[in-house]
Amino acid sequence: MRVLVVEDHRELAATIAVGLRREGMAVDIVFDGEEALRHSRLTPYDVVVLDRDLPKVHGDDVCRALVARRSRSRVLMLTAADTIESRVDGLGIGADDYLPKPFAFAELIARIRALAGRDRVASTPVLACGDIRLDTVQRVASRAGRRLELSPKELAILELLLAADGAPVSTKELLRRGWDEYVDPDGKVVKVTISRLRRKLGEPPAIETSPHVGYRIAG
């Protein structure tokens, strides 16, 4: 999952990013509305965590711009004002969800995952292929009933592969959805992560390589 955190309080932005990365998410950070608009034009983020009171371009105007260009990014708006009027205003300009500050980090994670999962075709939170299952809510993966000890990044990549429903996912797409903008674009990190994931999934081999196309879960 790729997330853009837009927050002018740099310490808070860094804290949020660290926590989200520990959950296996790829996170980019910007500190004003102008940069938020530039980044959102370049990268199709799954979720934009958007502070309302931003310098240069107000958070409300960033949200309006995303809606106007029909961005598929879900918007979770953050604000220090916890009033019904503020929430109604935020949702009225197109935000998908609203979270007042201060907030519990567990709630932030839950809301981001809920927003990212809205476009999932399946109504169940469990993704499966063959004997491999992934509970996207509990973040637990198993094979043939055996729980797999996967890192947050390995879980994130397994989720992308399972969500593709047997179609190959390119290295470029895995990089785009699974890592932030500072990752080395040569794809070596994808190969290393796929190698670790293959080893943990065990036999018979579950991840196939489609030459010049990408990786897929073998059904």
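Remember, it's a predicted structure, so these values are computed and weren't measured experimentally.

Quick notes on the rules
- Residues numbered from 1 in each chain as written.
- Predicted model: local features only at pLDDT ≥ 70, side-chain atom pairs only at ≥ 80, totals over all residues.
- Heavy atoms only, no water.
- Helix = DSSP H or I, 4+ residues; strand = E, 2+ residues; numbered from the N terminus.
- Buried < 20%, exposed > 50% of the residue type's maximum accessible area, 1.4 Å probe, protein only.
- Contact = heavy atoms within 4.5 Å.
- Lys, Arg positive; Asp, Glu negative; His and termini not counted.
- Charge placed at Lys NZ, Arg CZ, Asp CG, Glu CD.
- Polar contact = N/O pair within 3.5 Å; in protein donor to acceptor, adjacent residues only side chain to side chain.
- Expected span 1.5 Å × (residues − 1).
- Arc of directions from axis to C-beta.
- Axes fitted to C-alpha atoms, helices over the stretch in contact; angles between N-to-C directions.
- Parallel < 35°, antiparallel > 145°, perpendicular 65-115°, else oblique.
- Left-handed = near helix turned anticlockwise from the far one by under 90°.
- Nonpolar A, V, L, I, M, F, W, Y, C, P; charged D, E, K, R; others polar.
- Phe/Tyr/Trp six-rings, centres within 6.5 Å; stacked < 30°, edge-to-face > 60°.
- Lys NZ or Arg CZ within 6 Å of the ring centre and 35° of its normal.

Is there a simple way to think about the overall build of the chain in this case?
Summing up its helical and strand segments, the chain has eight helices and 11 strands in all. Here the chain, with 219 residues, has 45% of them falling under the buried criterion. Partitioning the contacts of the chain with sequence separation of at least 6, the portion at a separation of at least 24 is 57%. Taken as two groups, the 35 positive and 33 negative side-chain charges of the chain have centres that lie 6 Å from each other.

Would you take a moment to explain the side chain of Asp51 for this structure?
For Asp51, the position within the fold is in strand β3 (residues 47-51). The exposure class of Asp51 is buried, given its relative accessible area of 4%. A polar contact of 3.0 Å, which involves the side chain of Asp51, links it to the side chain of Lys101. Aside from chain neighbours lying at most four places away, what touches Asp51 is Val6, Glu7, Asp8, Gly59, Leu78 and Lys101.

Got a minute to help me understand unusual backbone geometry in this structure?
Leave glycine aside and you will find that most residues have negative phi; peptide bonds, for their part, are mostly trans. The linkage connecting Lys101 with the following residue, Pro102, adopts the cis geometry, with an omega of -10 degrees. Structurally, Pro102 can be placed in the loop between β5 (97-100) and α5 (105-116). A cis amide bond, omega -5 degrees, links Glu203 with the succeeding residue Pro204. Of note in this structure, Lys56 is not a glycine but carries a positive phi near 70 degrees. Structurally, the position occupied by Lys56 is in the loop between β3 and α3 (59-68). A positive phi is found at Ala144, a non-glycine position, where the angle reads about 50 degrees. Along the chain, the position of Ala144 falls in the loop between β8 (140-143) and β9 (146-148). For Ala144, a relative accessible area of 62% gives the class exposed.

In this structure, what is going on with helix α1 (residues 10-22)? I would like to understand it.
Three- or four-residue spacings in an α-helix give side chains the same orientation, since the helix completes a turn every 3.6 residues. Spanning 13 residues, α1 covers 18 Å between terminal C-alpha atoms, matching the ideal 18 Å at 1.5 Å per step. Those residues of α1 not exposed but buried are Ala13, Ile16, Ala17, Gly19 and Leu20. For α1, the angular spread of the buried residues around the axis is 165 degrees, confining them to a single face. Seen from the buried face of α1, the exposed residues on the opposite side, beyond 90 degrees, are Arg10, Glu11 and Arg22. Residues of α1 that are buried sit in contact with β1 (2-6), β2 (26-30), β4 (74-79) and α5. Two residues or fewer after α1 comes Gly24, characterised by a positive phi angle close to 90 degrees.

Got a minute to help me understand the packing of helix α2 (residues 33-42) against α3 in this structure?
The packing of two helices is summarised by the inter-axis angle and the distance between the axes. One way to put it is that α2 packs onto α3 with a least axis distance of 9 Å and a crossing angle of 20 degrees. With respect to each other, α2 and α3 are oriented roughly parallel. For the pair α2 and α3, the sense of crossing is right-handed. Contacts from Gly33, Ala36, Leu37 and Ser40 of α2 reach α3 at Val62, Ala65 and Leu66. When grouped by side-chain class, the residues that make up the contact of α2 with α3 number five nonpolar, two polar and no charged.

Mind showing me how you'd approach the packing of aromatic side chains here?
How two aromatic rings sit relative to each other is set out by the distance from centre to centre and by the angle between their planes. Counted by the stated rule, this structure contains zero aromatic pairs. The ring centre of Phe31 lies 3.9 Å from the NZ or CZ of Arg10, which sits over that ring.

Teacher, can you tell me more about the packing of helix α6 (residues 152-163) against helix α8 (residues 188-201) here?
α8 packs onto α6 with a crossing angle of 85 degrees between their chain directions and a minimal axis gap of 10 Å. Here α8 runs roughly perpendicular to α6, going by the angle between their axes. On α8, the residues touching Lys153, Glu154, Ile157, Leu158 and Leu161 of α6 are Thr193, Ile194, Arg196, Leu197 and Lys200.

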